[in-house]
Amino acid sequence: MSKYYVTTPIYYVNDIPHIGHAYTTIAADILARYHRICGHDVFFLTGTDEHGQKVEEAAAKRGLTPKAHADGMVENFRSLWKKLGISNDAFIRTTDEPHIKTVQALLQSLWEKGEIEKRTWRGWYCTPDERFWTEKDLVEGNCPDCGRPVHEVEEENYFFLMSKYHERLVAHIESHPGFILPESRRNEVLGFLRSQTLGDLCITRPKSRLSWGITVPFDEAFVTYVWFDALVNYFSATGYLAPSLVSTEGFSPLLTMRTPFHETGCGSGRFWPADHHLVGKDILTTHAVYWSTMLMALDMPLPKTLFAHGWWTVDGKKMSKSLGNVVDPGAVAEKFGVDAFRYFLFREVPFGLDGDFSIAAMIGRVNSDLANDLGNLASRALNMIVRYRGGAVPAPVVETEREEHIRQVAEALPARLAESLAAPRFQRALEDVWELVSLGNKYIEDTAPWALAKNPADAGRLDTVLYTTAETLRVLAITLWPFMPGSMQTLWERLGLAGKAGNISAMKNFDEEVKWGRLAPGTKVFKGDALFPRIDMENLNEQAAPKENAPVTTSEPPPEKTPATPPENVITIDEFARVQLKTGKIIEAERVPKSNKLLRLQVDTGEMRQVVAGIAKWYTPEEIVGKTVVIVCNLAPAKLMGVESQGMILAASDAEGNLAVISPEKPIGAGNRVK
Ligand code: MSP
């Protein structure tokens, strides 16, 4: 059986997940699901990157150990992946003991092979980026990457002799056109490698400066550079988290590996090398250069494809905490439906290019492609089978050129999808499938089953038309399932197939399953609610969730209602949606020295944050501690009396000068969205 191994980057635990994290993870999920129903032996890995200075600092700010900080933050990722229907086979954390052992074994092996050297190094260090720069790299004395100030360091460190592999890396990229994709990114990497001399890579940090990392096995005074540690995750996971190995207890890389892969004895030859490492464009160089040369030095095969995708802006602007426009994927999915969100991300923009996210664009897509095209096709086809044939799919009688055409388009899909998803080109794959959606709708218009139903002489023709539309839906449910697993499984069930053929996820032969004519006449279908309800921008406020909306209709949208006199300073739902309100539990409170008004609060909003609130006249620190309040979480941080405030607490005040903080009416946990 052929294997397929796909990875996402491992995400830093000092941030909460945003649309960028969701994007790569859903992409990997689509590929994993697709390969599974093709019958491939799939390993889909995601996880978290937990070492390094930034994590150490973030933990110190919260008064936690780095591990305790990471243990809490990692749950944000796990719960989001659950919500978004992510089917990862494993979740790696770089603090996992077997991963640490693998990193140490690989370092030891490189050290013994003479691939690592100790040197005294003088240069410039950018703390936020955790990267060293030489004098000539700096731009006006600042970090060339982020523009922030750097500071001079002189210290002993270990260097991986990366420069040795310069020529071999260029040759590998040149001779493997699919190694870096898309092609434009491949050309960029090649251009950079041809125009610059590759240096050696500093892969340690002295413990005197940073202690939160993996101890270097041959020198206890050092920890491993976080990127060296992180990249190894792709390999170490194959040794202790890959499907048939998950139950391996008491992992010891040198003793218990079933398939010792090379001299270090770590990892598993069954899944390595990875088929697709999916990464954002900003971390392509670390993968293409550091990871590739590390593997070369270890005599290990290189991954088959590094795919660098583009970045999302939000409403035309770069996404940033200070602009307060960071998109929370969980909130979007809750409001518009997980599958609508998944579909939008991959239909809107070619994978590889940058894209712009806006609620308006998403609603436009959902309404036109999902509610109108696909949803409508499903509801019309199922309705007619129920109305004209009591819900039982009739057997086709006479097939004409029209049916032949649909059959051909449907049967061509497996090959087209295989090609589109190989790169992967998700947008093209969806366009391929949408040809069948459009054809299905056109077929219904052209054959006018409602007219055939009026004439008993056309009964056979009507049977053929109804069978053809139902069979079209069956093919669509399978081919779109990797993209929209929840709603396509629902469609599958409405087609009466769940009982017989089980779940789509259990399929193992995609090409066979998609073959025309597998839907057995007599199968009982049912209508159900709209698969993708139309989202009405104007009523968005009142709509709790799309699933509870009115069913899809084919009629024109209702005429605009005469609006009530608009209040002043109207904001759109988009603008409102940008304000992130969450419940927060006040854990600690104290007066800000020299201020009568301000309290400094430590608030748990799913993560700990410091909020400075002007409520000291109305609440003592003792009174406020333990209360659950509402916090504006995405307000740009500000300093009040020299103390940083990361958010604002909501309170109401009246003309008499009374003030009351706003609290939920019933007990509810901290960190929940207020909307
Ligand atoms: N920990 C490293 C990766 C190590 S992999 C061995 C890291 N982590 S991260 O948490 O910063 O994750 C970043 C991922 O999110 C990257 O792939 C990055 O490109 C992606 N994105 C961050 N912002 C993004 C957008 N606005 N749009 C799309 N993706 C973006 O880097």
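Being a predicted model, the structure only gives us computed values, none of them experimental. Sequence order as written defines residue numbering, which begins from 1 separately in each chain. It should be noted that, the model being predicted, local features are given only for residues of pLDDT at least 70 and side-chain atom pairs only at 80 or more, the latter also being counted only at that level, while totals for whole chains, interfaces and linings use all residues. In computing side-chain properties, one takes all heavy atoms of the structure into account and sets aside hydrogens as well as water.

(A) Just the side chain of Thr305, in detail. Note on placement: Thr305 falls in strand β13 (residues 305-309). Partly exposed residues are those whose accessible area sits between 20% and 50% of the maximum for their type, while under 20% is buried and over 50% is exposed, using a 1.4 Å probe and protein chains only. Judged by its relative accessible area of 9%, Thr305 is buried. Of note is the side chain of Thr305, whose polar atom sits 3.0 Å from the backbone oxygen of Gly178. We call two residues in contact when some of their heavy atoms are within 4.5 Å. Filtering out sequence-adjacent residues up to four positions away, Thr305 remains in contact with Gly178, Phe179, Leu181, Asp275, His276, His277 and Ala423. For helices the rule is a DSSP run of H or I covering at least 4 residues; for strands it is a run of E covering at least 2, with both sets numbered from the N terminus onward. Whenever two N or O atoms come within 3.5 Å, that pair is a polar contact, provided that in protein one can donate a hydrogen and the other can accept it, and provided that, for residues adjacent in sequence, both atoms are side-chain atoms.

(B) Quick peek at unusual backbone geometry. The omega angle of the peptide bond from Leu181 to Pro182 is -5 degrees, so this bond is cis rather than trans. Of note, Pro182 is situated in the loop between β7 (180-181) and α6 (183-195). A cis geometry characterises the amide bond from Trp272 onward to Pro273, with omega recorded as 5 degrees. Note that Pro273 resides in the loop between α8 (233-240) and β12 (276-280). A positive phi angle is found at Glu140, which is not glycine, with a value near 50 degrees. With respect to the secondary-structure elements, Glu140 resides in the loop between β5 (131-133) and β6 (151-160).

(C) Quick peek at the environment of Gly213. Looking at the secondary structure, you find Gly213 in the loop between β9 (204-206) and β10 (215-216). Given a relative accessible area of 17%, Gly213 falls into the buried group. The sequence separation of Gly213 and Glu56 amounts to 157 residues, and the corresponding C-alpha distance is 9.3 Å. Discounting residues that sit within four places of it in the chain, Gly213 has contacts with His51 and Val223.

(D) Geometry of the pattern of salt bridges. Salt bridges are identified by distance alone: a Lys or Arg side-chain nitrogen within 4 Å of an Asp or Glu carboxyl oxygen. In total, this model carries 43 salt bridges according to the counting rule given. When the shortest N-O distance is used, the salt bridge between Glu156 and Lys118 registers 3.7 Å. Taken as a pair, Glu156 in strand β6 and Lys118 in strand β4 (residues 116-126) lie far apart in primary sequence, 38 residues in all. Glu156 gets classed as partly exposed once you look at its relative accessible area, which sits at 40%. On the basis of relative accessible area, Lys118 is assigned to the partly exposed category, the value being 36%. Here Lys118 makes a salt bridge to Asp219, at a shortest N to O gap of 3.6 Å. Here Lys118 is found in strand β4, whereas its partner Asp219 is found in strand β11 (residues 219-224), with 101 residues between them in sequence. You can call Asp219 buried: its relative accessible area is 17%. Through salt bridges with shared partners, a single network forms among Glu50, Lys67, Asp71 and Arg93.

(E) Spatial organisation of the pairing of strand β17 (residues 581-591). Direction of pairing for β17 relative to strand β20 (residues 628-632): antiparallel, over a ladder of 5 bridges. Bridge pairing in β20 links Lys585 to Thr628. Examined bridge by bridge, β17 and strand β26 (residues 673-674) share 2 bridges and lie antiparallel to one another. Its bridge partner lying in β26, Lys582 is registered against Arg673. Two strands form a pair only when DSSP identifies at least two bridges running between them.

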